[in-house]
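Listed below are the residues making up each chain.
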Amino acid sequence: MRIFLSRSVDVEVTLFNDVANFLKAIPGAVIIDIPESVINMFPEDAEEDWPRPGFDEFYQKCEGLRQFSGGRIHKDDVVVFLSGIPNDQNWFSAFQLPTAKRNIFICTEDWEYYLPESKVHFGIAYQVVENCMQVLMDLNYEKPENASYIHTKSRGCLNDFCGDKRDIRLKIQTANICETCLDKIKSYPDANAFLPYAHFVMNAVRDKFINRPEVKAPEEILNSFELEIRPSLRSMRLCLGGKTLVQIELSGLRFSLYYTIIKFSEAYDGISPNQLAVRNTENREVFDFIRRIYHNNENESAITKLGTDSDMFSQYRSKINLQIKNEITKNYPNRPEGLLKKIQISPSKNGIYKVPFGGKIRVIE
Ligand SMILES: [Zn+2]
């Protein structure tokens, strides 16, 4: 069984292609599209009050396609005819009885009353799969015993009748086939074989219609945090969306070391510990900065010492990192993964250390 998609001349070829390409991109069924068309549902000289065509007129076009295909369309293939001309019963779509005819038409007009205009082709693709399934499960709607499979009251099943056309959204969004209908499908081998493809299409369509919060990439989330540094209070605040999540106060030397490293991470992608001790013109930047934030000679010489004593530097680094970890764990237990690493002092390449925080850093003097 293959599905032949065709159209009448009034259906825009871009819309037709959108439907066909969407269906063809989903594996599990053979879709053959015939975008070129000479089929006109209206006679050339039609009056303005020309009556809407009945279902049979659409099915005749399907039969015509079969005949003109020169045997290319087989008896067990399904022909789906898309037309922009509304039918006399104003249905979205219908299939010919008996279902063994395997002819379907779908109206492509007026969908924008029920679905956003940019998503109309998804609704039409759903209709293709819906009608194919109904044909394959022999859902003859004229037989009373099929009444339990044609839901006049919508329940979010593929076989909801959607007498109120607005209900189409419900079944699109559930992407479901109810247990009752599923039981019937299982007793028709062709319908059962078509089921995986139908599910794939229904899920893909559903995906286009449900609202979900924007999902950010982990790195993007981490970069939306902000750090607020207050040197006069030796404190730093971790903020998100203008709200302070954690406030950390560090002792004099720890704060100075941390602040220095964060400052140089921003400007120079890190700092080598021995730069803390070297006082020459090349290192003027570090030197001036340290002098400015230490305020007194005692602290200044303490941090200079960190630059000459690598064990002491390591000790301070791990103390600062531990304090950051403890405070954040205590105040912000549900933090996103990777946040700690972004705030702690980490070794980078070539003996350089840095705070790889990617968000905005504000210094409030
Ligand atoms: Zn059902």
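Higher on the page you've got the structure.
Along each chain, residues carry numbers from 1 onward, in the same order as the chain's sequence is written. Residue-level local features of this predicted model are given only where pLDDT is at least 70; pairs of side-chain atoms are given and counted only at 80 or more, and the full residue set underlies all totals for whole chains, interfaces and linings.

Right, let's get into the environment of Lys354. For Lys354, the location among the structural elements is in strand 10 (residues 353–354). Our exposure labels follow a C-beta count within 10 Å of each residue's own C-beta, placed from the backbone: buried means 20 or more other C-beta atoms, exposed means 12 or fewer, and partly exposed covers the counts in between. By the C-beta count within 10 Å, which is 19 here, Lys354 ends up partly exposed. Between the C-alpha atom of Lys354 and that of Ser265, which follows or precedes it by 89 residues, the distance is 5.2 Å. Apart from residues no more than four positions distant in its own chain, Lys354 is found in contact with Ile261, Ser265, Asp269, Gly270, Ser346 and Ser348. Elements are defined by DSSP. Helices are runs of H or I of four residues or more, strands are runs of E of two residues or more, and each kind is numbered from the N terminus. What counts as a contact here is a pair of residues whose C-beta atoms, placed from the backbone, lie within 7 Å.

Moving on, we come to the sheet that holds strand 3 (residues 78–83). For two strands to pair, DSSP has to find at least two bridges joining them. Pairing is mixed in the open sheet, where 5 strands are placed in the order 2-1-3-5-4. Edge positions in the sheet fall to strand 2 (31–33) and strand 4 (93–95), since each of these pairs with one other strand and no more. Across the sheet, the mean angle from the axis of one strand to that of its neighbour is 20°, orientation sign disregarded. Two elements, strand 1 (residues 3–7) and strand 3, share 5 bridges in a ladder whose sense is parallel. Opposite Ser6, over in strand 3, you have Phe81 as the bridge partner. Convention adopted: a line fitted to C-alpha atoms gives each axis, helices being fitted over their contacting stretch, and angles between N-to-C directions are expressed from 0 to 180 degrees. Sitting on the sheet, helix 2 (residues 55–68) touches strand 1, strand 3, strand 4 and strand 5 (103–107), and the angle it makes with strand 3 is about 125°.

What follows concerns the packing of helix 3 (residues 120–136) against helix 6 (residues 189–209). Direction vectors running N to C along helix 3 and helix 6 enclose 160°, while the axes themselves pass 10 Å from each other. The angle between the axes of helix 3 and helix 6 places the two elements in the roughly antiparallel class. In the packing of helix 3 onto helix 6, the handedness of the crossing is left-handed. Together, Phe122, Ala125, Tyr126, Val129, Cys132, Met133 and Leu136 of helix 3 and Asp190, Ala191, Phe194, Ala198, Val201, Met202, Val205 and Lys208 of helix 6 make up the contact between the two elements. In terms of residue class, the contact of helix 3 with helix 6 is made up of 13 nonpolar, no polar and 2 charged. What sets the label is the angle itself: under 35 degrees gives roughly parallel, over 145 gives roughly antiparallel, 65 to 115 gives roughly perpendicular, and the rest give oblique. In this scheme, a crossing is called left-handed if the near helix is turned counterclockwise away from the far one by less than a right angle; it is called right-handed if the turn is clockwise. Gly is put with the polar residues, along with every residue not named as nonpolar or charged; the nonpolar set is Ala, Val, Leu, Ile, Met, Phe, Trp, Tyr, Cys and Pro, and the charged set is Asp, Glu, Lys and Arg.

Of all 6 residues that make up strand 3, 6 are buried, and the element is covered over most of its length. Pairing of strand 3 with strand 5 involves 5 bridges; the strand directions are parallel. Counterpart to Phe81 in the pairing with strand 5 is Phe105.

When strand 6 (residues 225–230) meets strand 7 (residues 235–240), the two strands line up antiparallel, connected through 6 bridges. Considered in strand 7, the bridge of Arg230 is made with Ser235. Linking two consecutive strands that pair antiparallel, namely strand 6 and strand 7, is a turn of 4 residues; a positive phi of about 55° is found at Arg234 within it. Inspection of the sheet shows strand 7 paired to strand 8 (residues 243–249) by 6 bridges, in the antiparallel sense. Across the sheet, residue Leu238 finds its bridge partner in strand 8, namely Val246. Taking the residues that link successive antiparallel strands as the turn, the strand 7-strand 8 hairpin has 2 residues, and the phi of Gly241 there is positive, at about 55°.

With that settled, consider the nonpolar core. Buried together is how nonpolar side chains tend to be arranged in soluble globular proteins. Counting 55 residues, the largest nonpolar core has Val80 and Ala125 as the members making the most contacts within it. Looking at this core, the element that brings in the most residues is helix 3, giving 10 residues. Ignoring sequence-local partners within four residues, the contact set of Val80 consists of Ile3, Phe4, Leu5, Ile104, Ile106 and Val128. Here a nonpolar core is just a set of buried residues of the types Ala, Val, Leu, Ile, Met, Phe, Trp, Tyr and Cys, joined wherever their C-beta atoms sit within 7 Å. If you look at the next biggest cluster of nonpolar residues, it comprises 27 residues, including Leu238, Phe255, Phe264 and Tyr316.

All right, on to the packing of helix 1 (residues 13–24) against helix 3 then. The contact between helix 1 and helix 3 brings their axes to 9 Å, and the two run at 55°. If you check the angle between helix 1 and helix 3, you find them oblique. Seen along the crossing, helix 1 lies across helix 3 with a hand that is right-handed. On helix 3, the residues that touch Leu15, Asp18, Val19, Phe22 and Leu23 of helix 1 are His121, Phe122, Ile124, Ala125 and Val128. When its residues are assigned to classes, the contact of helix 1 with helix 3 shows 8 nonpolar, 1 polar and 1 charged.

Here a helix's expected span is defined as the number of its residues, less one, multiplied by 1.5 Å. Look at helix 2: 20 Å from first C-alpha to last across 14 residues, which is about the 20 Å you get at 1.5 Å a residue. For helix 2, the full list of buried residues reads Phe58, Tyr59, Lys61, Cys62 and Leu65. Seen end-on, helix 2 carries its buried residues on one side only, within an arc spanning 150°. Exposed residues pointing more than 90 degrees away from the buried face of helix 2 are listed as Asp56, Gln67 and Phe68. Throughout, the arc means that of the directions going from the helix axis to the C-beta atoms.

The omega torsion of the bond from Leu97 to Pro98 falls at -5°, within 30 degrees of zero and hence cis. Assignment of secondary structure puts Pro98 in the loop between strand 4 and strand 5. Phi is positive for Asp110, which is not a glycine, with a value near 65°. As for its position among the elements, Asp110 is in the loop between strand 5 and helix 3. Positive phi, normally seen in glycine, also occurs at Asn350, with a value near 55°.

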